[in-house]
Amino acid sequence: MSATIAADRERDPRWWEGDLVFDFLHSPVALGAAALTLVIVAAALGADLIAPYDANDPAAANVIDARLPPGSVGLLGGRYLLGTDPQGRDMLSAIIYGLRTSLVVGLASVLIAATVGMALGLLCGYFGGIVDAVIMRIADVQLGFPAILIALLIDGVTRTVLPRGTHDAFAVPVLIVAIAASFWVQYARTVRGLVLVERDKEYVLAAKVTGVSALRIIANHIGPNVMGPVLVIATINLALAILTEATLSFLGVGIPPTQPSLGSLVRIGNEFLFSGDWWISIFPGAMLVVLCLCVNLFGDFLRDALDPKLRIG
């Protein structure tokens with residue numbers, strides 16, 4: 001018996017021998033996108049160690065060195081590889097710290113949207129009834145409005161309710177909630193459709209017959225089987241969330257100008273673009289494009305790798 005079990009274990013493929021890992025290791029685009037994304041994330045996490053200056057510290061900015069071109073040397077001898085912005089901040093440091101802010105907003109909003117949307121989708125798909133009808137009608141109504149409009153509405157309401165100083169202090173959490181509130185519908189509708197298929201399968205019916213509670217069936221049986229599409233949507237939505245944050249910050253309703261993000265840096269640079277100070281908006285804009293492109297490429301790989309129909313095609 002022990003020999004048979006050992007032989008079965010030897011025949012079972014390890015996680016690194018699975019199709020997903022094999023496809024990933026043999027996809028130059030996916031490898032390049034993942035590697036560049038990891039480098040960007042590592043730079044954002046290590047901003048305190050990598051950045052030449054603290055872009056969040058107003059004392060680190062020197063107004064005398066404002067709007068210096070790339071490669072310039074400041075009045076006090078500091079070298080600015082990517083130039084400075086109108087506040088005298090080092091652009092390289094501002095971009096690195098801005099990456100951290102944009103990634104925090106994107107990851108947190110996607111995590112909240114995926115958690116809420118998946119929970120509502122599981123609830124609607126498994127139980128149905130009036131709960132399903134109400135939540136799905138709310139989702140249908142929200143789909144009639146662009147995501148950016150929902151985020152603008154939530155941000156505008158908070159600006160009206162909260163004093164200006166308080167709103168600026170809670171700008172990042174408000175922005176995260178606003179973006180998450182505009183993305184949960186995709187997860188809810190996708191998960192609901194998958195649950196409608198899974199709940200009538202034999203393994204779910206067998207669990208019901210043995211007396212397993214509905215919550216345990218959802219958490220232990222149905223939930224893991226819908227994680228693949230949710231993961232793909234979350235990966236693609238991460239780039240959309242970062243772009244939404246950049247758009248809101250560009251419109252002046254996102255991150256305050258004193259706290260660097262890729263969107264706020266592009267907005268500040270846009271005011272001086274036709275004055276010849278191209279580096280203030282071009283460099284953070286290029287970083288935004290590279291980050292979103294890498295995340296989208298990796299998301300496309302996951303979609304192709306986890307969808308059996310695309311794998312067959």
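All residue numbers here refer to positions counted from 1 along the written sequence of the relevant chain. Owing to the predicted nature of the model, reporting of local features is limited to residues with pLDDT of at least 70; listing and counting of side-chain atom pairs is limited to 80 or more, with chain, interface and lining totals taken over all residues. The side-chain quantities take in all heavy atoms of the structure and omit both hydrogens and water.

This next bit is on the environment of Gly299. Numbering of helices and strands runs from the N terminus; a helix is a DSSP stretch of H or I covering at least four residues, while a strand is a stretch of E covering at least two. Mapped onto the elements, Gly299 comes out in helix 14 (residues 279-306). Between the alpha carbons of Gly299 and Ile280 there is a distance of 30 Å; along the sequence they are 19 residues apart. Throughout, a contact is declared for two residues whenever any of their heavy atoms are within 4.5 Å. Leaving out residues up to four positions away in the same chain, Gly299 has contacts with Val232, Thr235 and Ile236.

Size it by volume and the largest pocket reaches roughly 310 Å³. Considering the residues around the largest pocket, the lining is formed by 15 residues, among which Leu107, Ala234, Thr235, Leu238 and Phe298 are closest to the centre. The set of elements that each furnish at least two residues to the lining of the largest pocket consists of helix 3 (28-45), helix 5 (91-127), helix 12 (227-250) and helix 14. Classes in brief: Ala, Val, Leu, Ile, Met, Phe, Trp, Tyr, Cys and Pro nonpolar; Asp, Glu, Lys and Arg charged; the others, Gly included, polar. Grouping the constituent residues of the lining of the largest pocket by class yields 13 nonpolar, two polar and no charged. Lining residues are those with an atom within 4 Å of a point, where the points come from a 1 Å grid over the protein atoms alone and group into cavities, where a 1.4 Å probe fits but cannot get out, or pockets, open sets with protein on both sides within 12 Å along at least five of seven lines. Grid points are joined across faces, edges and corners, and a volume is the space filled by probe spheres set on the points.

For Phe, Tyr and Trp, where Trp contributes only its six-membered ring, two rings pair if their centres lie within 6.5 Å, and the inter-plane angle classes them as stacked under 30 degrees, edge-to-face over 60, or tilted in between. Applying the stated criterion across every chain, the model contains seven aromatic pairs. Ring centres of Trp278 and Trp279 lie 5.9 Å apart, and the angle between their planes is 85 degrees; on these two criteria the pair is classed as edge-to-face. Type-normalised accessible area, obtained with a 1.4 Å probe on protein chains alone, sets the label of each residue: buried when under 20%, exposed when over 50%, and partly exposed for intermediate values. A residue is classified by how much of its surface remains accessible, and Trp279, at 5% relative accessible area, is buried.

Along the chain, the position of Arg267 falls in helix 13 (residues 262-270). Look past the residues within four positions of Arg267 in its chain and what remains in contact with it is Ser249, Phe250, Leu251, Gly252 and Pro257.

As a further point, take the packing of helix 5 against helix 6 (residues 129-143). Throughout, an axis means a line fitted to C-alpha atoms (over the contacting stretch in the case of helices), and angles, computed between N-to-C directions, take values from 0 to 180 degrees. Direction vectors running N to C along helix 5 and helix 6 enclose 135 degrees, while the axes themselves pass 7 Å from each other. The angle between helix 5 and helix 6 places the two elements in the oblique class. Handedness of the crossing formed by helix 5 with helix 6: left-handed. In contact with Leu120, Leu123, Cys124 and Phe127 of helix 5, helix 6 contributes Gly129, Val131, Asp132, Ile135 and Met136. By residue class, the composition of the contact of helix 5 with helix 6 is seven nonpolar, one polar and one charged. What sets the label is the angle itself: under 35 degrees gives roughly parallel, over 145 gives roughly antiparallel, 65 to 115 gives roughly perpendicular, and the rest give oblique. Crossings are assigned a handedness: left-handed for a near helix turned anticlockwise from the far helix by less than a right angle, right-handed for a clockwise turn.

Because an α-helix packs 3.6 residues into every turn, residues spaced three or four apart end up facing the same way. Where burial is concerned, most of helix 13 is hidden: eight out of the nine residues are buried. If you check which residues of helix 13 are buried, you get Leu262, Gly263, Ser264, Leu265, Val266, Arg267, Ile268 and Gly269. Packing partners of the buried residues in helix 13 comprise helix 5, helix 12 and helix 14.

Here Ile268 shows up in helix 13. Separated by 181 residues in the primary sequence, Ile268 and Gln87 have C-alpha atoms spaced 9.7 Å apart. In contact with Ile268, other than residues within four places in its own chain, are Pro86, Gln87, Arg89, Pro257 and Ile280.

Right, let's talk about empty space enclosed by the protein for a bit. Counting across every chain of the model gives one cavity of 30 Å³ or more. The volume enclosed by the largest cavity comes to roughly 70 Å³. Lining the largest cavity we find Tyr53, Asp54, Ala55, Asp57, Ala60, Ala61, Tyr80, Gly88, Arg89, Asp90 and Ser93.

Here the focus is the packing of helix 5 against helix 12. Two numbers describe how helix 5 lies on helix 12: the axes approach to 8 Å, and their chain directions differ by 140 degrees. Here helix 12 runs oblique to helix 5, going by the angle between their axes. The crossing of helix 5 and helix 12 is right-handed. In this structure, helix 5 contributes Ser102, Leu103, Val105, Gly106, Leu107, Ser109, Val110 and Met118 to the contact, and helix 12 contributes Met227, Val230, Ala234, Asn237, Leu238, Ala241, Ile242 and Glu245. The residue makeup of the contact of helix 5 with helix 12, split by class, is 11 nonpolar, four polar and one charged.

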